[in-house]
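Fold and geometry: a report
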Amino acid sequence: MIVARTGNEAMAEAMRQINPDVVAAYPITPATEVVQLFSTFVHDGTVSTQFVPAESEHSAISACVGASSAGARVMTSTSSQGLALMHEILFIAAGLRLPIVICLVNRSLSSPINIHCDHSDSLASRDSGWIQIFTENTQEAYDTTLMAVKIAEKALLPAMVTTDGFIISHGMERVELVGDAEVPKFLGERKAKTSLLDVDNPITLGALDLQDYFFEHKRSEIDAMNHVLPIIDEVQKEFGKKFGRNYNTVDEYKMDDAEVAILAMGSTGGTGKVAVDRLREQGKKVGLIRCRVYRPFPKGAMLKAVSKVKVLGIMDRADTMSTLGGHLYNECRSILYDSEERPIMKNYIYGLGGRDISIEEIEDIYAELFNIQKSGEVDKEIVYYGVRGE
Amino acid sequence: MFPYDKYLRRDKFPHIWCTGCGCGIVLKALLRAIERSKIPKDDVAIVSGIGCSSRTPGYLDFNTLHTTHGRAIAFATGLKLAKRKLKVIVVTGDGDATAIGGNHFIHAARRNLDMTVIIYNNYIYGMTGGQVSPTTPAGKRSTTSPHGNVEPAFDISGLAIAAGAPFVARTTCYHAVQLDKYINKGIMKKGFSVVEVLTPCPTYYARPNRLGNAVEMLEWYKNNSIQIEVARNTSDEEKAGKITIGILHDSDRPEFCDVYSQLSARVREANKE
Ligand SMILES: Cc1ncc(C[n+]2csc(CCOP(=O)(O)OP(=O)(O)O)c2C)c(N)n1
Ligand code: SF4
C-alpha cells in the first residue's frame, strides 16, 4: 500500500504493525507524535500493547528494561533531553542484553536550548552498547524500524533507529507500507531464553558483579557487538527479498567512478544525492557515501567506499568536543590508518541546532573538494560550515 | 493602569501562548504580587523548567533562569543557597513539577527551603501537545488517553502539604485578584510556599473534553470552585466535584537556609576551640 506519511507517522505505523507487548514513553518534541499516535492504536484496540505513559524518560526506559527482562517485545521513542535522561539505563539495557528498540528523533542537546535537528543526542550515547542506525527518509525510517526489532532480537542487543528531527519526523513523504499480516510473519515471536516472570525457572539479572566476573561479562557484550554486522546484513537481505527494498550498512551513491565524495549521515544523504545528480549532469565525477549503520561501525564496507575516491568531505552534524572534529571524521581517520592509499579528508561540521543545509551548499562543498584534489592540499582540516565569523 | 511594562522584556513579545491560555493571567498576577512586595527587581530571581508555563520568565525583566524539564526547583535550590538575599520564585507546570520533577518538588518541600513555587496546573503537558499528566483528572481525555484517563490524579496542594510545605494555596485563573494576593503571601512567607493555580489550556485540554472556549473554562472555574472557609461548613455531597480554593495550609517551621547557617556557625565555633 502506498501512503503519504511523516517520519513520525511512519514509525508509529511500523509500531502498530509490530504490535509490541509493551511501550513505555514520555513525550518530547519532535518525537512526541510517534508514541502519541501509537497510543491511539492502543486505546482503539488496534494493537494489544500495554502502554505505560511514564512520568519521565528515565522511568520509561526503566519500564522497558523490566518488561524486556520478562521476555516481552518492547519499544519506545524519544529525542534529545529525553535520551540524555535515559542515559543511565541505556547501558543497563545493553549490559542485560535486552533487545529494546527506540525510535529516536534526532534533536540537539541543550544548551543553548533548541528543538531542531543535529546528531548530538544519539551520538552522545554511541558508547552505550546500543546498535544505532541513521535513516535518510521516511520510507527508510519505516523499513528500518521493522528490521530493527529483528536485528535486536537476533543480536540480543538494544537498537535505536534515528530520523532527523523535523526534517524527516515532520516531513510528509511517499511511503510504501508492508501488508499488516506480513510483519508478524517477518518478525516471528520474540523467544526470550529466560523470563523474569518464569517463577518455575527463577533467574537473577543485573546482580552485583565486581572484580571477579564483571570484565568477562562486559567482554561478552563487546563480542555480541562483533556479531551484529552479519546479522544486519542477513536481515536486510531477507527484507529486500521479501519486500523489494534493499539496504546496506553503508549506502553508496554513484561511487563507482567518483573522484571526490561526501560522507554523511541521516537526511543530508538525501540532499546530497540531489546535489550529486545535478553535478553529474555537468559531467562532474562526484559520489556520496552515507553511513547508515553507525554502531557497530561498518569498518569493511566503509573502507571499501571511502577508498574509492581521492578526496573525501566528511559531514558531521555534531562535534565530539575533543578539538578533533566530528564523529564520522574520527572514525574514518581511524579505520584508514592501516591503508596504503588514503583519500585526503576534510571535515565539515554543519547544521548544528537544525541550521539548514541546502543542495547549493553541498554543491559548494563538492567544488571545494575538487579544488583540494587539484592542489593536493587541505588548508584547514576541520571547518564549521556556515558559521558566522568563521 | 498597573505599570506592567517596567517588569517586561518588551522585545520578547509577541509571546508564544495560544489565545485564551491561562499563562498570561498568571504572569500578570505574578507582576502585581511582586510590585506589592516592594522587592527591587534585581533582588528577584525567577526560575522555570520547560513547558508553556515555563516560558513565563523569558518575558520578564528580572534575574531569570530557564532550565531543563523538571529541574527548576533543583536549579533554584542551588541559586537560593548561594545567594540568600534573592527572592527566588519558581514557575513550573504540572508535568514539570509533579511528573519528571516530582522528586525535587517533594524534597524541597521537606527541606523547607525559602522559595515560592507557582504551579500552573492545566491538567496536561501543554507544550508537547496535550498528553496525559499526573494531574489529568480520572476519566478525562488527553492525546494519550483518548478514551479517558484510567489513573487517579495527584492533588498538588495536598502533596505539598503532606511533604511539609508550610504555605500552600490554590486558586484559579478566574480568581486573578486572589491569585496575586496568594502569590504575594507566598513571596512574603519565609519557607517553601506553593501556589497551585488552575490554568485553562483551551487548545489541548478544553477541546478533547468539550469544555468550550477560554471564557467558558474560566466560567467553569468560577462555578466549580469553593472557598476553603465555605467548604469547611459544606456537606461532602454539596462540594463533590468542586475544587477547594484558598489558603489551604499556613504554618511555621524552621527554614533550611537558617538551619544550615546555624549548623555551619556551630561547627566553625567548635573548630576554633
Ligand atoms: C527530559 C525531557 N523530557 C521531555 C521534554 C519535553 N517536554 C517539554 S515540556 C513538557 C511537558 C510540559 O508540561 P507541563 O510541565 O505540565 O507544562 P505546560 O506546557 O502544560 O505548561 C515535555 C514533556 C523535555 N524538554 N525534556
Ligand atoms: S498549549 Fe495550552 S498551555 Fe500551551 S500555550 Fe496553548 S493554551 Fe497555553
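Procedures and definitions
- Residues numbered from 1 in each chain as written.
- Chains lettered and ligands numbered in written order.
- Predicted model: local features only at pLDDT ≥ 70, side-chain atom pairs only at ≥ 80, totals over all residues.
- Near = placed C-beta within 6 Å.
- Helix = DSSP H or I, 4+ residues; strand = E, 2+ residues; numbered from the N terminus.
- Expected span 1.5 Å × (residues − 1).
- Buried ≥ 20, exposed ≤ 12 C-beta atoms within 10 Å, placed from the backbone.
- Contact = placed C-beta atoms within 7 Å.
- Pairing = 2+ DSSP bridges.
- Nonpolar A, V, L, I, M, F, W, Y, C, P; charged D, E, K, R; others polar.
- Axes fitted to C-alpha atoms, helices over the stretch in contact; angles between N-to-C directions.
- Parallel < 35°, antiparallel > 145°, perpendicular 65-115°, else oblique.
- Left-handed = near helix turned anticlockwise from the far one by under 90°.
- Domains from an automatic or database assignment.

**Examining the site of ligand 1**
- Taken together, 23 residues sit near ligand 1, with B:Gly51, B:His69, B:Gly93, B:Gly95 and B:Gly126 positioned nearest.
- Nearby residues place ligand 1 at the junction of chains A and B.
- Mapped onto the shell around ligand 1, the elements with two or more residues apiece are helix 4 (80–95) of chain A together with helix 3 (94–98) of chain B.

**Side note on helix 3 (residues 57–69) of chain A**
Residue and element names in this part refer to chain A.
- In this model, helix 3 (13 residues) spans 18 Å end to end at C-alpha, consistent with the 18 Å of a helix rising 1.5 Å per residue.
- Burial of helix 3 is extensive: ten of the 13 residues sit out of reach of the surface.
- Of all the positions in helix 3, only Glu57, Ser59, Ala60, Ile61, Ala63, Cys64, Val65, Ala67, Ser68 and Ser69 are classed as buried.
- Buried residues along helix 3 sit against strand 2 (22–25), strand 3 (50–53), strand 4 (74–78) and helix 4.

**Considering the pairing of strand 10 (residues 243–250) of chain B**
All names here are of chain B.
- With four bridges joining them, strand 7 (residues 167–172) and strand 10 adopt antiparallel strand pairing. Following the sheet pairing, Arg170 is matched in strand 10 by Gly246.
- Where strand 9 (residues 225–227) meets strand 10, three bridges bridge the pair, whose relative direction is parallel. Opposite Ile226, over in strand 10, you have Thr244 as the bridge partner.

**Topic: the interface of chain B and chain A**
- Each side of the interface is counted separately: chain B has 17 residues, and chain A has 14 residues.
- Its residues assigned to classes, the side of chain B that touches chain A comprises six nonpolar, eleven polar and no charged.

**Focus on the sheet that holds strand 3 (residues 87–93) of chain B**
Residue and element names in this part refer to chain B.
- Taken in spatial order, the eight strands make up an open sheet running 2-1-3-4-8-7-10-9, and their pairing is mixed. This sheet does not close on itself; its edge strands, each paired only once, are strand 2 (63–66) and strand 9. With direction set aside, neighbouring strand axes in the sheet form an average angle of 20°.
- Its contacts with the sheet put helix 6 (residues 176–188) on strand 3, strand 4 (115–121), strand 7, strand 8 (192–198) and strand 10, and the angle it makes with strand 7 is roughly 165°.

**As for the packing of helix 1 (residues 7–18) of chain A against helix 6 (residues 138–155) of chain A**
Residues and elements named next belong to chain A.
- As a packed pair, helix 1 and helix 6 sit with axes 8 Å apart at the nearest point and diverge in direction by 30°. The angle between helix 1 and helix 6 falls in the class roughly parallel. The chirality of how helix 1 crosses helix 6 is right-handed. Within the contact between the two elements, helix 1 uses Gly7, Ala10, Met11, Glu13, Ala14 and Ile18 and helix 6 uses Thr138, Ala141, Tyr142, Thr145, Leu146 and Val149.
- Of the residues assigned to the contact of helix 1 with helix 6, the class counts are eight nonpolar, three polar and one charged.

**Here we look at the environment of A:Ile262**
Residues and elements named next belong to chain A.
- Tracing the chain through its elements places Ile262 in strand 10 (residues 260–264).
- For Ile262, a count of 29 C-beta atoms within 10 Å puts it in the buried group.
- Residues Ile262 and His116, 146 residues apart in the sequence, show an inter-C-alpha distance of 23 Å.
- Residues in contact with Ile262, not counting those within four places in the same chain, are Gly272, Leu288, Gly313, Met315, Ile362, Ile365 and Tyr366.

**Quick word on the domain arrangement of chain A**
All names here are of chain A.
- Domain boundaries assigned for chain A yield domain 1 (2–241) and domain 2 (250–385).
- Put simply, the middle of domain 1 and the middle of domain 2, counted by C-alpha atoms, are 28 Å apart.
- Across the contact, 26 residues belong to domain 1 and 20 residues belong to domain 2.
- Secondary structure elements with two or more residues in the side of domain 1 that touches domain 2: helix 5 (120–124), strand 6 (131–134), strand 7 (159–164) and helix 9 (228–243).
- Its residues assigned to classes, the side of domain 1 that touches domain 2 shows 13 nonpolar, nine polar and four charged.

**Section: the site of ligand 2**
Residue and element names in this part refer to chain B.
- Every residue close to ligand 2 is listed here: Trp17, Cys18, Cys21, Cys23, Cys52, Asn122, Gly126, Met127, Cys201, Pro202, Thr203 and Tyr204.
- Considering each element in turn, the shell around ligand 2 owes the most residues, three residues, to helix 7 (residues 202–206).
- Split by residue class, the shell around ligand 2 holds nine nonpolar, three polar and no charged.

**Here we look at the sheet that holds strand 14 (residues 344–349) of chain A**
Residue and element names in this part refer to chain A.
- What the six strands build is an open sheet, ordered 9-11-10-13-14-15; its pairing is mixed. Looking at the sheet topology across the chains shown, the edges are occupied by strand 9 (250–253) and strand 15 (382–384). If you compare each strand with its neighbour and ignore which way they point, the axes differ by 20° on average.
- Across three bridges, strand 14 lies against strand 15 in parallel orientation. Pairing of Tyr348 across the sheet is with Val383, part of strand 15.
- The sheet strands contacting helix 10 (residues 268–281) are strand 9, strand 10, strand 11 (286–291) and strand 13 (311–316), and the helix crosses strand 11 at an angle near 170°.
- Where helix 12 (residues 327–335) meets the sheet, its contacts fall on strand 10, strand 11, strand 13 and strand 14, and the angle it forms with strand 13 comes to roughly 140°.

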